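Results of the structural survey
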Amino acid sequence: MELTGKQKSFLRSLGQTIKPTIMIGKMGVTDNTLLSIRNGFNTKELLKIKVQDGCEDTEEVVSEKVEEGTGSTTVQIVGHTILLFKRDHKNPKIELP
C-alpha cells in the first residue's frame, strides 16, 4: 500500500503517542518476530518496532524484511525506531485523510 505524504504525516502524529511493542535483537527478523508483528496487527493498525544495538541489520533492511513478511507499510524510520502501518480491511480503526 502506497501512502501519500499527507497520510504519512497523519500517521506520524498518531505514532508519537505509542511505545515500541516489538524489539528486534541480534538475531534480526526471525519467523517468530514476524509472527509477533502479525499478531500485533490483529489488534492495531499502527505498530512501533525498536531495533536494538546488537542487530546486524540496519533499520532499513529490518523495515524491508518486515514489510515483505507482514504486508505492512513503513511510515517512518527515526533512529532505531520503525513505525509501521497495516490497514485492517474488515474493521478499520484509523481513518486516513
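One can find the structure itself at the top, above this paragraph.
Before going into details, it helps to say that this report is about the structure given with it.

Definitions and limits used
Residues numbered from 1 in each chain as written. Predicted model: local features only at pLDDT ≥ 70, side-chain atom pairs only at ≥ 80, totals over all residues. Heavy atoms only, no water. Helix = DSSP H or I, 4+ residues; strand = E, 2+ residues; numbered from the N terminus. Rg over C-alpha atoms; globule rule 2.2 N^0.38 Å. Buried < 20%, exposed > 50% of the residue type's maximum accessible area, 1.4 Å probe, protein only. Contact = heavy atoms within 4.5 Å. Areas by Shrake-Rupley, 256 points an atom, 1.4 Å probe, with all protein chains shown as cover. Lys, Arg positive; Asp, Glu negative; His and termini not counted. Charge placed at Lys NZ, Arg CZ, Asp CG, Glu CD. Salt bridge = Lys/Arg side-chain N within 4 Å of Asp/Glu carboxyl O.

On to the overall build of the protein chain, then. What the protein chain contains, in helices and strands, is 3 helices and 4 strands. When the elements of the protein chain are put in sequence order from the N terminus, they spell out α-β-α-β-α-β-β. Taking 97 residues into account, the globule formula puts the C-alpha radius of gyration at 13 Å, and the protein chain, at 13 Å, falls close to it. With the C-alpha coordinates aligned to their principal axes, the bounding extent of the protein chain is approximately 35 × 25 × 20 Å. In the protein chain, buried positions account for 39% of the 97 residues. Contacts in the protein chain between residues at least 24 apart in sequence constitute 68% of all its contacts with a sequence separation of at least 6. When the accessible surface of the protein chain is totalled, it reaches about 6000 Å², and 49% of it is carbon and sulfur. For the protein chain, the distance from the average site of its 14 positive side-chain charges to the average site of its 13 negative ones is 8 Å.

Turning our eyes to something else, we now look at the pattern of salt bridges. Throughout the structure, instances matching the rule amount to 3 salt bridges. For K65, the salt bridge is made with D57, and the minimal N-O distance between the two is 2.9 Å. With a relative accessible area of 35%, K65 lands in the partly exposed category. Between D88 and K93 there is a salt bridge, with its nearest N and O atoms 3.6 Å apart. Look at D88 and you get buried, because its relative accessible area is 18%. On the basis of relative accessible area, K93 is assigned to the partly exposed category, the value being 49%.

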